Amino acid sequence: MKLTDGAETLKNVGEARLVLLHKLGIKTIGDLLEFFPRDYLDRSVISPIGELAQGQMATILAKRAGDAQFRQLAGKNITRLYFSDGTGQIAISWFNQPYIQQALKYGEDYYISGKVAWSPAGLTLENPQWDRVEGESLSAGRIVPVYKLTVGITQKILRGLIRQALDETAGQIEDFLPPNILHAHGLCGRSFAVENIHFPNGGEDFYTARKRLVFEELFLLQTALITAKGHLKQKIAPADIFANMDITPILSALPYKLTDDQVKVLDEIMGDITGGFALNRLLQGDVGSGKTAVAMVLCYLAAKNGAQAAVMAPTETLATQHFQAFTEILGGLGVNCGLLSGSQKPKEKREIKAKLAAGEINVIIGTHALLQDNVEFARLGLVITDEQHRFGVRQRAALNSKGTIPHVLVMTATPIPRSLAMVLYGDMDISAIRQMPPGRQPIDTYSVTKAYHNRIFDFIRKQVADGRQAYIICPLIQKDEGDEDASAAQNKQEITQVIKFAELLKDGVFADINVGILHGRMKADEKNAVMTAFGLGEIDVLVSTTVVEVGINVPNATIMMIENAERFGLSQLHQLRGRVGRGKHKSYCILVTDAKNQVTKKRMDAMTKTGDGFVLSEMDLELRGPGEFFGTMQHGLPRLMLANLYKDMEVLAAARDAVINMGEVSHLPLKNKVKSLLAKVQQIAL
């Protein structure tokens, strides 16, 4: 029997059972061995009957003794059998399983496991599972694997098939990790690991097996990602190396002193730039932490070294804000800044593109318009992508390709857990600004039910009367990618609900103040008009979907009210909260939810207790998993079988370092394994 043989080659696998195995994704013997347990039961300790205590989970080793008893209760047939082990006797009942008296023979030994409970006949075992004492027991007297099931396949059946598969394919499991990596990281052989992840002889063997397989899973994923994305470090020509690294003029021009974190990040980036390799770094920083100042310093360096810099933002509003801020600071230092966006008139676009191609513009700031084929640079030396998760990797690569080997910095205000960042951005160095500039006010955050609506609206009216403004956010449910029609219909329906909700407020509680509406189905010029009006104070209350998550800076807005807050991840809630607290006035975030489950309660409590986006992102990953964290669905992150990005951080770091130190994949077994995984990571890499 071979690993590539179909599962039907196993004993006791007929057509019906094969269909059920296919439902679990098991088609071959190899698939079966890679179907790792989701949990384990520790049945390695055998408890004497005479020492059982109510409430404990226990396994006994006992003989069947005495005659079976039968009775009916509430429409159920009850079969009661007695067992003894020399320390005592126990009665155990099975419901609607009359065959049990024939299956369990008088005088024979059995392992029986269950929760100890009290019954009219004394202590008993609830929901008992049993196994004969003959040969190797797979369900008792050991650490027992627990698998994901489908109707018609039991744990006992699956354990038996996996045991059979392991025995039939002994010696065939390939160890595709290079020997030097196995040795360097103290990893066991793959054959031992697969055997002991299913049927560990003890706790030490289980942890040894799991460490190997988790490392392997993360190592393969990182290798595939980095192989698909390109080289970690690219050498740049001597003529392209920045020689002038004096940033004193730009630091003097900034209206504030950089924080220690900003200085640290700049040191890391400047170390990259002067090292002879192209900068390739992800910069994370909370809303208002000062990423834009870091970007300005880099653009200044590029200009002073005769290179051009491109800054790409996801919205015209954000691009315009950057252009104004960059021009104000860099313009006085002899750096010429330009703006390129989709809404500009054709003549204006042509002029900007001509100046860019001629090298007359040092720093160009724009939207997707920068990606057009007819946008050419004289010497593109630096590419900065703001709010990077709003762009696909193809789009970022398209801009990077307009230079020879430009320095690349991608920035995000959505803190990503370090472990997830190492997976999604395994080819990049990672920096973080965690320190907030002095003077930034904390935002008071509250979680309430919809019963508080009237009180919230009264509070908003009071704030508006004092000259302030407010956001009210309504969520859209995101459907699976494969259900595009349903998703589009659902979003259209919910946008209609957003509009109705806004109109209800306009005609009711906010009849005497200005209410605006903003959603993703509006045309670009309509959205810009609403955002501009809100920024100018012409709109008091903006009812919106999450399109305001980035690109709006209204210091006068002091209230962020979020309806159905349970539908958002913590990182997205934190992003939305960051739309307020930007001015000198006290600001508030009000999370409205009627959800009562414990996960929602934990998440809302976290929002009310911390304003640290990095803490919230780690909690989001722990509670919801990588598949639900922002962007990972869109990035196509493969489902991890064993690794946990929250708990296995150290193993992930070791696996990433091993990939980086390995360089090009030359070990043939590993090369073949990576090749089969590459197709699964194309959405991440391309």
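In this report, the structure presented in the accompanying data block is examined. Everything numeric in this text was worked out from a predicted model, so none of it was measured. (Residues numbered from 1 in each chain as written. Predicted model: local features only at pLDDT ≥ 70, side-chain atom pairs only at ≥ 80, totals over all residues. Heavy atoms only, no water.)

Tallied over the full model, the rule gives 16 salt bridges. With a shortest N-O distance of 3.2 Å, Asp612 and Arg434 are connected by a salt bridge. You can see Asp612 sitting in the loop between helix 19 (598–609) and helix 20 (613–624) and its partner Arg434 sitting in the loop between strand 14 (429–433) and strand 15 (444–448), a full 178 residues away along the chain. Given a relative accessible area of 26%, Asp612 falls into the partly exposed group. Given the relative accessible area of 47%, Arg434 is considered partly exposed. In the salt-bridge network here, residues are joined through shared partners; they are Glu34, Asp175, Arg190, Arg212 and Glu216. (Salt bridge = Lys/Arg side-chain N within 4 Å of Asp/Glu carboxyl O. Helix = DSSP H or I, 4+ residues; strand = E, 2+ residues; numbered from the N terminus. Buried < 20%, exposed > 50% of the residue type's maximum accessible area, 1.4 Å probe, protein only.)

Spatial strand order, 15-20-19-16-18-17: 6 strands in an open sheet with parallel pairing. Edge positions in the sheet fall to strand 15 and strand 17 (515–518), since each of these pairs with one other strand and no more. For this sheet the average axis-to-axis angle between neighbouring strands, irrespective of direction, equals 15 degrees. Strands in contact with helix 19 are strand 15 and strand 20 (588–592); relative to strand 15, the strand with the most contacts, it is inclined by about 155 degrees. (Pairing = 2+ DSSP bridges. Axes fitted to C-alpha atoms, helices over the stretch in contact; angles between N-to-C directions. Contact = heavy atoms within 4.5 Å.)

Another aspect to go through is a nonpolar patch on the surface. Where nonpolar side chains cluster on the molecular surface, the patch consists of Ile46, Leu61 and Val133 and spans about 200 Å² of accessible area. Checked against the element boundaries, Leu61 lands in strand 2 (residues 57–73). Of the residues examined, Leu61 reaches a relative accessible area of 33% and is grouped as partly exposed. (Patch = residues over 30% accessible without salt bridge, like charges linked within 9 Å, V, L, I, M, F, W, Y side chains within 5 Å. Areas by Shrake-Rupley, 256 points an atom, 1.4 Å probe, with all protein chains shown as cover.)

As a further point, take the packing of aromatic side chains. Taken as a whole and assessed by the stated rule, the structure comprises 9 aromatic pairs. Summarising the aromatic geometry, the rings of Phe215 and Phe219 are spaced 5.8 Å apart at their centres and angled 15 degrees between planes, so their arrangement reads as stacked. Here Phe215 pairs with Phe219, and both are found in helix 7 (residues 203–229), just 4 residues apart, close to one helical turn. Residue classification places Phe219 among the buried residues on the basis of a relative accessible area of 0%. Clustering of aromatic rings is evident, with ring pairs tying together Tyr40, Phe206 and Tyr207. Of note, Lys76 hangs over the ring of Phe95, and the distance from its end group to the ring centre comes to 5.4 Å. Above the face of the Trp130 ring, Lys156 is positioned so that its terminal group lies 4.2 Å from the ring centre. (Phe/Tyr/Trp six-rings, centres within 6.5 Å; stacked < 30°, edge-to-face > 60°. Lys NZ or Arg CZ within 6 Å of the ring centre and 35° of its normal.)

Where helix 9 (residues 260–273) meets helix 10 (residues 291–304), the closest approach of the two axes is 10 Å, and the angle between their N-to-C directions is 35 degrees. At the point where helix 9 passes helix 10, the crossing takes the right-handed sense. Contacts between helix 9 and helix 10 involve Gln262, Val265, Leu266, Ile269, Met270 and Ile273 from the first element and Ala293, Val294, Val297, Leu298 and Leu301 from the second. Split into classes, the residues belonging to the contact of helix 9 with helix 10 amount to 10 nonpolar, 1 polar and no charged. (Left-handed = near helix turned anticlockwise from the far one by under 90°. Nonpolar A, V, L, I, M, F, W, Y, C, P; charged D, E, K, R; others polar.)

A word on unusual backbone geometry. With a phi angle near 50 degrees, Ala74 is a residue other than glycine that sits in the positive phi range. Secondary-structure assignment places Ala74 in the loop between strand 2 and strand 3 (76–84). Phi is positive for Asn564, which is not a glycine, with a value near 50 degrees. Relative to the helices and strands, Asn564 is located in the loop between strand 19 (557–562) and helix 18 (570–577).

Turning our attention to the environment of Leu536. Position of Leu536 among the secondary structure elements: in the loop between helix 17 (524–535) and strand 18 (541–544). Given the relative accessible area of 61%, Leu536 is considered exposed.

Where strand 17 lies against strand 18, 4 bridges are found, and the strand directions are parallel. Directly across from Gly516, in strand 18, lies its bridge partner Leu542. Between strand 17 and its parallel partner strand 18, the chain crosses via helix 17, and the hand of that crossover is right-handed. (Right-handed = clockwise from strand over helix to strand, strands pointing away.)

Checked against the element boundaries, Ser341 lands in the loop between strand 10 (337–340) and helix 12 (346–358). Take Ser341: its relative accessible area is 6%, and that puts it in the buried class.

Our next topic: the nonpolar core. A general tendency of soluble globular proteins is for nonpolar side chains to be buried together. Formed by 72 residues in total, the largest nonpolar core has its most connected members in Leu158, Phe215, Leu218 and Phe219. No other element matches helix 7, which puts 12 residues into this core. Sequence-distant contacts of Leu218, defined by excluding residues within four places in its chain, comprise Leu640, Ala643, Leu645, Asp648, Val651, Leu652 and Ala655. (Core = buried A, V, L, I, M, F, W, Y, C linked by side-chain atoms within 4.5 Å.)

Spanning 14 residues, helix 10 covers 20 Å between terminal C-alpha atoms, matching the ideal 20 Å at 1.5 Å per step. Taking burial as the measure, the 14 residues of helix 10 include 12 buried ones, the bulk of the element. Along helix 10, the residues classified as buried are Lys291, Ala293, Val294, Ala295, Met296, Val297, Leu298, Cys299, Tyr300, Leu301, Ala302 and Ala303. Looking one or two residues beyond helix 10, the residue adopting positive phi is Gly306, at roughly 75 degrees. (Expected span 1.5 Å × (residues − 1).)

Now for the sheet that holds strand 9 (residues 308–312). As summarised here, the arrangement of the 7 strands in space is 10-11-9-12-13-8-14, forming an open sheet in which the pairing is parallel. In this open sheet, the two edge strands, each paired with only one partner strand, are strand 10 and strand 14. Strand after strand, the sheet turns through a mean of 20 degrees between neighbouring axes, direction not considered. Two strands pair when backbone bridges link them, and strand 12 (residues 380–385) and strand 13 (residues 407–412) are joined in this way by 4 bridges, in the parallel orientation. Following the sheet pairing, Ile384 is matched in strand 13 by Leu409. Strands in contact with helix 9 are strand 8 (280–285), strand 13 and strand 14; relative to strand 14, the strand with the most contacts, it is inclined by about 160 degrees.

Before going further, it helps to spend a moment on the pairing of strand 3. On any regular strand, side chains alternate: one points to one face of the sheet, the next to the other face. Note that strand 2 and strand 3 share 8 bridges and pair antiparallel. Each bridged residue has a counterpart across the sheet, and for Arg64 the counterpart in strand 3 is Phe83. Counting the residues between successive antiparallel strands, the hairpin from strand 2 to strand 3 contains 2 residues, one of them, Ala74, with a positive phi of roughly 50 degrees. Direction of pairing for strand 3 relative to strand 4 (residues 89–95): antiparallel, over a ladder of 7 bridges. Looking at strand 4, one finds that Tyr82 is bridged to Ala91. Between strand 3 and strand 4, which follow one another and run antiparallel, lie 4 residues, and Gly86 among them has a positive phi close to 95 degrees.

Turning our eyes to something else, we now look at the packing of helix 4 (residues 155–168) against helix 6 (residues 190–198). Between helix 4 and helix 6, whose axes approach to 11 Å, the crossing angle comes to 160 degrees. On the basis of the axis angle, helix 4 is roughly antiparallel to helix 6. As for how helix 4 packs across helix 6, the hand of that crossing is left-handed. Facing helix 4, whose interface residues are Ile162, Arg163 and Leu166, helix 6 presents Val194, Glu195 and His198. A per-class count over the contact of helix 4 with helix 6 returns 3 nonpolar, 1 polar and 2 charged. (Parallel < 35°, antiparallel > 145°, perpendicular 65-115°, else oblique.)

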